[in-house]
Every structure is written in structure tokens, then in C-alpha cells.
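# Structure at a glance
Each chain is listed here by its residues.
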Amino acid sequence: MKASFCIAVLAALVTGSAFAQNPPQTSTRKVDGTDNVYIFRYGGHQSMFVVTPQGVIATDPISYLRPAKPYIDAIKAVTDKPIKYVIYSHHHYDHIAGGQPFKDLGATFVAHKRTRERLLELKKQNSLLADVVMPDQVVGDQKIIKLGGTTLELDYVGRNHSDNSLVMRLPKEKIVFVVDFAPIESVQFRNIPDNASPLEYIASLKKLASLDWERMIPGHPYAGGRFGTKKDVEADIAYMEDLSAEVKKAADAGKCFDTAMKEVKLPKYEKWANYEASLPANVERFCYWWGRGY
């Protein structure tokens, strides 16, 4: 590790209240208890990268409408090894845009097979962002990447926030990198878009919980930036199941959509982030399922 990076990490640890209120646009930290796992934060987005003797495995470029250089510079501050892989969590631009500079450095891009299908369709329509890189390799249900003594397992657990989200699991470190579909102490995003069935979403959360891991690095710094736990995923499952049950009651009473969106409340979760803003939209998504069958 370079001296300048050590100084930067020390400076990040010794911070005052003003720093906490106005954090810098980017930051890098090594995950405690690991030798080579890092988190790069870029505004409200996070990615994980793993340094090995043979190169670096990076995840989402997170450079939508902003330069990718800070992420690449953060990696170079830790190691002089080349970036060998970039793994996409799913196809949404706020996570995967900005990959071209990584590709220019020779990285191999990996994503779920449906991510590639989505991007090819966008390219066909001449609407794919110029700096979004098409995956070189695709994943079905699972793929294992081994590099420099590190094993990274890519698991597809079903439709949720997208139909192509991958769970990235480091078996040795018992860490997973999970983006968007398992928020920590937060209700789901808006009207839970981009899934065929909210019940499939719940099933995917249960599959995530069944995997062997202890700490979850999220794609956004939820709950003060802490790691997620199995209890957080179990809480997500409970929220979704409670929401489903309450909306089904409303649908059976003929209250979907508008009345249910106003009346359905889940006080147990009212302290979660985005409760007031997004609960009605969450209700709307389940109304589509229980009230219209889609």
C-alpha cells in the first residue's frame, strides 16, 4: 500500500462533525478483517474492489454523468496491479455507466446474460450511453471467478429490483456485495419497478439470506454507511411480506389503487428511510399484483 493512501485513510478516520455533515465526494476504505477487499464510495453510490497479486476485480463503475477517473485513481492508490475484471451488479445506468476507461485499460467485463440482452436492445435502438461497455462474459445462475488466490462467486437469485441482479460473494471473507434489492433500514425503491412479480422479489431475498455470508456491502451507503447483516435481509423479507398481506386485504376490499395508497400503513417500519415518500408507491406495486394480477 502506498504511503499516500495510508495518510488518506488516517485522515478519513480522524474527522470532525463538519466532515461528517459534508463528506467528500469520494472515499476509499479497506474492509476490516480482510487483506484485500475495499469499498469505493462515489457520492451516494458504492462499489467493491478486490486486490490480488495477479490483478484487481472491480465492481460497478458508478460513473453515470461523471468521470470514472476517481474510481480508477482510488484503485491505483492501493495497487499497481492491472484491473482484470469489472463485474456489473445489474443493468441500471447509475451503477454501470462510465466503464469505458476501465475497458481502455484492458478489463474484462462480466454481467448476467439478461444485462447483455438489455444493453444490446438499447444499442439497437441507438440509445445506449457511449461509456457503457457491453459485457465480454455473461452469467446464468452462477459463475466462479478466480484470480491471484481470490475466489469470487457470482450468484443469480431471481428477479427483484431487476431481472438480472447478481450477488457477488467472497466465500473466504464471508462477504457479499449486493446492489439495490436488499436495502438496509429502508423501504423499497419507489414503486418497486422492473420485476415480474413482487412475490418473486421476496423469493430472491430468501435465496440471498440462505447463502453463506456474514457481512453485506450495499451499493448505497444506507443506515450511516454500515454493513448489512442477515438480520437486515430478514427484516426486508418481513417488510415485503407484511406489505403484501396488508395490500391483499385492501385489494380484496376493492380499495386498490388510490384508497389503498392512502390508507395502508406499516407503523413497524415508520422509522426506516423513505417510509413517508415511498410507502404509497410500494403499496401501488403490490396493488398491481393483488388487484390486477400483474
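Look a little higher up for the structure.
These notes cover the structure that comes with them. (Residues numbered from 1 in each chain as written. Predicted model: local features only at pLDDT ≥ 70, side-chain atom pairs only at ≥ 80, totals over all residues. Heavy atoms only, no water.)

### Digging into helix 8 (residues 230–252)
Note the threshold: Segments assigned H or I by DSSP are reported as helices when at least four residues long, segments assigned E as strands when at least two residues long, and all are numbered from the N terminus. Here, expected helix span is obtained from the residue count minus one, scaled by 1.5 Å. Between two residues, a contact is recorded if the distance between any of their heavy atoms is within 4.5 Å.
In this model helix 8 runs 33 Å from its N-terminal to its C-terminal C-alpha over 23 residues, within 8% of the 33 Å that 1.5 Å per residue would give. Taken together, the buried residues of helix 8 touch helix 7 (198–210), strand 12 (215–218), helix 9 (258–263) and helix 10 (275–292). One or two positions beyond helix 8, positive phi appears at G254, with a value near 75°.

### Regarding the sheet that holds strand 9 (residues 150–156)
Note the cut-off: Two strands pair if DSSP finds at least two bridges between them. All axes are obtained by fitting lines to C-alpha atoms, using only the stretch in contact for helices, and the reported angles, taken between N-to-C directions, cover 0 to 180 degrees.
Pairing in this open sheet of five strands is mixed, and the strands run 8-9-10-11-12 from one edge to the other. Pairing within the sheet leaves two strands with one partner each, and these edge strands are strand 8 (142–147) and strand 12. Across the sheet, the mean angle separating the axes of adjacent strands is 20° when strand polarity is ignored. As defined by bridge partners, strand 10 (residues 166–170) adjoins strand 11 (residues 175–178) across three bridges and the pair is classed as antiparallel. When the sheet's bridge partners are listed, R169 is paired in strand 11 with V176.

### A short note on the pattern of salt bridges
Our working definition: We define a salt bridge as a side-chain nitrogen of Lys or Arg found within 4 Å of a carboxyl oxygen belonging to Asp or Glu. Each residue is assigned to one of three classes by its accessible area relative to the maximum for its type, calculated with a 1.4 Å probe on protein chains only: buried under 20%, partly exposed between the two thresholds, exposed over 50%.
Evaluated as defined, the whole model comprises 13 salt bridges. Residues R226 and D232 are paired through a salt bridge, measuring 2.8 Å at the closest nitrogen-oxygen approach. By relative accessible area, R226 is classed as partly exposed at 29%. One continuous salt-bridge network, built from bridges that share partners, spans R118, D163 and D194.

### Quick word on the packing of aromatic side chains
Just so we agree on the cut-off: Two aromatic rings, drawn from Phe, Tyr or Trp (for Trp, its six-membered ring), form a pair once their centres lie within 6.5 Å of each other, and the interplanar angle then sorts them: stacked below 30 degrees, edge-to-face above 60, tilted otherwise. Lysine and arginine charges are scored as sitting over a ring when NZ or CZ, respectively, is within 6 Å of the ring centre and within 35 degrees of the ring normal.
What the rule picks out here adds up to 13 aromatic pairs. Relative to Y71, the ring of F40 lies with its centre 4.6 Å away and its plane at 5°, an arrangement referred to as stacked. Of this pair, F40 sits in strand 2 (residues 37–42) while Y71 sits in helix 3 (residues 69–78), and the two are 31 residues apart along the sequence. Neither residue differs from the other here; F40 and Y71 are each classed as buried. Here the aromatic rings of Y269 and W272 are separated by 4.9 Å at their centres, their planes lie at 65°, and the arrangement is edge-to-face. Connected via pairs of aromatic rings, a cluster forms that spans Y38, F40, Y42, F49, Y71 and F102. Here R66 stacks its cationic end above the ring of Y42, 3.8 Å away from the centre of that ring. Above the ring of W213, the side-chain terminus of K230 is found at 5.4 Å from the ring centroid.

What is shown is where atoms sit, not what they do.
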